[in-house]
Amino acid sequence: MKKVIFVDRDGTIIREPEDEQVDSLEKLSFVPGAISALKILRGLDYELVMATNQDGRGTAAFPEEDFIKPHAKMLEVLEGEGVTFDDMLIDDHFPQDNSPMRKPGTGMFGKYLAGGYDLAQSFVIGDRETDMQLAANLGAKGLRLGPECSWEDIAEAIRRSERRAEICRKTRETDIRVMLDLDKSGDSYVDTGLKFFDHMLDQIHHHAGVTLQISCKGDLEVDEHHTIEDVGIALGQAIAEALGDKRGIERYGFALPMDESCAMVLLDFGGRIDFSWDVEFTREYVGDVPTEMFKHFFQSLCSASQCNLRIEARGENNHHIAESIFKAYAHALKCAVRREKFNYELPSSKGIL
C-alpha cells in the first residue's frame, strides 16, 4: 500500500506573516530547512502532498491574483530544487468558514481515506495543533514543526521509519512471516517450531538492538532443512529491504568471545555476495537443530541480504560455539546498519552499492 506525507504550507513550508496572508511576493520567504528537508523526503518511498487551508481564491480585501503569484513562485523555487508534489489539496472556502473541508476536518482527503493508502504509516507535517488533530483524524502520524523539532529532525524521523520491512514467504514447505525494524528495539518474538533455533534467532533481537518478529510453520515432519533455510532467506530479504538505499550506514561490521568459545563475523553490505564458513562442530545436533544447518542458514541469509559474510568460530562446547556465532552476527549487523543522524552519504567511493 502507498504511503503519504501531507505537508502544511503556511508556517511549515513558508513563513506566515503577522496578518496571516501571503498576498505578495515581498511576504514570501521559506521556513529555515524546509527546502533541503523536502528534497530528502521527495527521495523516499512516499507520495508528497501539500494540504493547505489557504485557498488563494481571493476576496474583496485580498484579490485572487495577490495569492496566486507568491504560491506560484514558491512552487517554482521548490521545483528548481527537485521538490515537486504528487497532489495539492487546497481548501475552497474562505479562512473564517468553519467547514469540514478545512483542516482538521478530513473533507479534502477523501481520495486517501477511500483505500489503497497505508495512513497508519503516513505522516502529517505542520506547525499547529490543528495539523496534529488532522493526523489523529486521518489515523496518521503527526510531526509538529517548532523550537524543539526542526525540519532536519522531521526529515530524519521519517527517514528512520523507512528502515522497516515485513516479508511473507509461503511455499509448499514453509509459511513464514518476518518483521524487522532496524531502528527500534520493540516487542519481538520468534517461533519456528525449533526451540534451539528460536533461542539463536532471539540473540539477533537482543544484541543487534532491532525489533524482530519471526513466525514459521514448516514441514518439520520431513526434517529441519526447509524451515532453517527458508527462515534464512526471509530474514535476509527483510534486511535488504529495510536497508533501502543504504545511505548513511556504517556498512561494515565483530568478534565476540563466549566462555571458552570465540566467534568472528565480518560483514559488508556492499552488494557483492560472498560467503565463507570456518566452523567445526563435534556433535550432530545441538538441541533440536542439526549443526550442519547453521552453515546453510547463514549462507541463505548472506545471499538474500546481498552481503559479504565471513564467519569463523572455535570452542569446545557446541552450544557455546553456535551461540557465539549468532551473537557475533548480531553485533556485526548492529555495527553495519548503524547510521549517523543527518548523514545521507552513500558509504562507497564508487557512488553506488
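Cut-offs used in this document
- Residues numbered from 1 in each chain as written.
- Predicted model: local features only at pLDDT ≥ 70, side-chain atom pairs only at ≥ 80, totals over all residues.
- Heavy atoms only, no water.
- Helix = DSSP H or I, 4+ residues; strand = E, 2+ residues; numbered from the N terminus.
- Areas by Shrake-Rupley, 256 points an atom, 1.4 Å probe, with all protein chains shown as cover.
- Phe/Tyr/Trp six-rings, centres within 6.5 Å; stacked < 30°, edge-to-face > 60°.
- Buried < 20%, exposed > 50% of the residue type's maximum accessible area, 1.4 Å probe, protein only.
- Lys NZ or Arg CZ within 6 Å of the ring centre and 35° of its normal.
- Salt bridge = Lys/Arg side-chain N within 4 Å of Asp/Glu carboxyl O.
- Pairing = 2+ DSSP bridges.
- Axes fitted to C-alpha atoms, helices over the stretch in contact; angles between N-to-C directions.
- Contact = heavy atoms within 4.5 Å.
- Core = buried A, V, L, I, M, F, W, Y, C linked by side-chain atoms within 4.5 Å.
- Polar contact = N/O pair within 3.5 Å; in protein donor to acceptor, adjacent residues only side chain to side chain.

Draft legend 1. View of the overall build of the protein. For the protein, the helix and strand inventory stands at 9 helices and 15 strands. Across its three principal axes, the protein shows a C-alpha extent of roughly 90 × 40 × 30 Å. Put simply, the protein shows about 16,600 Å² of open surface, and 47% of that area lies on carbon and sulfur atoms.

Draft legend 2. Local environment of the packing of aromatic side chains. A full pass over the atoms with the stated rule returns 14 aromatic pairs. Seen in terms of ring centroids, Phe281 and Phe294 are 5.5 Å apart; in terms of plane orientation they differ by 35°. Their pairing is tilted. In this pair, Phe281 is assigned in the loop between β12 (274–279) and β13 (285–286) and Phe294 in helix α8 (residues 292–305), connecting sequence segments 13 residues apart. The class of Phe294 is buried, set by a relative accessible area of 2%. Here a set of aromatic residues connected by ring pairs shows up, and it is made of Phe196, Phe197, Phe275, Trp277, Phe281, Phe294, Phe297, Phe298, Phe326 and Tyr329. Here Lys3 stacks its cationic end above the ring of Tyr46, 4.5 Å away from the centre of that ring.

Draft legend 3. View of the pattern of salt bridges. Overall, the coordinates contain 19 salt bridges when judged by the stated rule. With its nearest N and O atoms 3.3 Å apart, the salt bridge here joins Arg169 to Asp230. Of this pair, Arg169 sits in strand β6 (residues 164–170) while Asp230 sits in helix α7 (residues 225–243), and the two are 61 residues apart along the sequence. Shared partners join several salt bridges into a network, and the residues in it are Asp8, Lys103 and Asp131.

Draft legend 4. Molecular detail of the sheet that holds strand β9 (residues 211–218). With respect to topology, 4 strands assemble into an open sheet ordered β6-β7-β9-β8, the strand pairing being mixed. Of all strands in the sheet, those with a lone pairing partner are β6 and β8 (189–191), marking the two edges. Across this sheet, the average inter-strand angle for adjacent strands is 5°, counted without regard to direction. Of the pairings in the sheet, the one linking β8 to β9 comprises 3 bridges and is parallel in character.

Draft legend 5. Structural view of the sheet that holds β12. Strands sit in the order β10-β11-β15-β12 across an open sheet of 4 strands; the sheet is mixed. Every interior strand has two partners, whereas the edge strands, β10 (255–258) and β12, have only one. Strand-to-strand twist of the sheet, defined as the mean angle between neighbouring strand axes without regard to direction, takes the value 10°. Sitting on the sheet, α8 is in contact with β12 and β15 (308–314), with an inclination near 160° to β12. Of the strands in this sheet, β10, β11 (261–268), β12 and β15 are in contact with helix α9 (residues 318–337), which crosses β11 at around 35°.

Draft legend 6. Summary view of unusual backbone geometry. Here the residue pair Lys103 and Pro104 is connected by a cis peptide bond, since its omega of 10° sits within 30 degrees of zero. Its location among the elements puts Pro104 in the loop between β3 (87–90) and α3 (110–113). The backbone of Gln306 shows a phi angle near 55°, a positive value even though the residue is not glycine. Along the chain, the position of Gln306 falls in the loop between α8 and β15. Gln306 gets classed as partly exposed once you look at its relative accessible area, which sits at 39%.

Draft legend 7. Molecular detail of the nonpolar core. One finds Leu201, Phe269, Phe297, Phe298, Leu309 and Ile325 to be the most contacted residues of the largest nonpolar core, which totals 60 residues. No other element matches α9, which puts 11 residues into this core. Those residues in contact with Phe298 that lie beyond four places of it in its chain are Phe275, Trp277, Leu309, Ile311, Ile325, Phe326 and Tyr329. Residues Leu41, Leu44, Phe85 and Phe123 belong to the second largest nonpolar core, which totals 29 residues.

Draft legend 8. Quick peek at the side chain of Thr291. Examined against the element boundaries, Thr291 turns out to sit in the loop between β14 (289–290) and α8. In terms of polar contacts, Thr291 uses its side chain to reach the backbone carbonyl oxygen of Arg283, at 2.7 Å. Beyond its immediate chain neighbours, meaning those up to four positions away, Thr291 contacts Phe281, Arg283, Glu284, Tyr285 and Val286.

That's the geometry; what it means functionally is another story.
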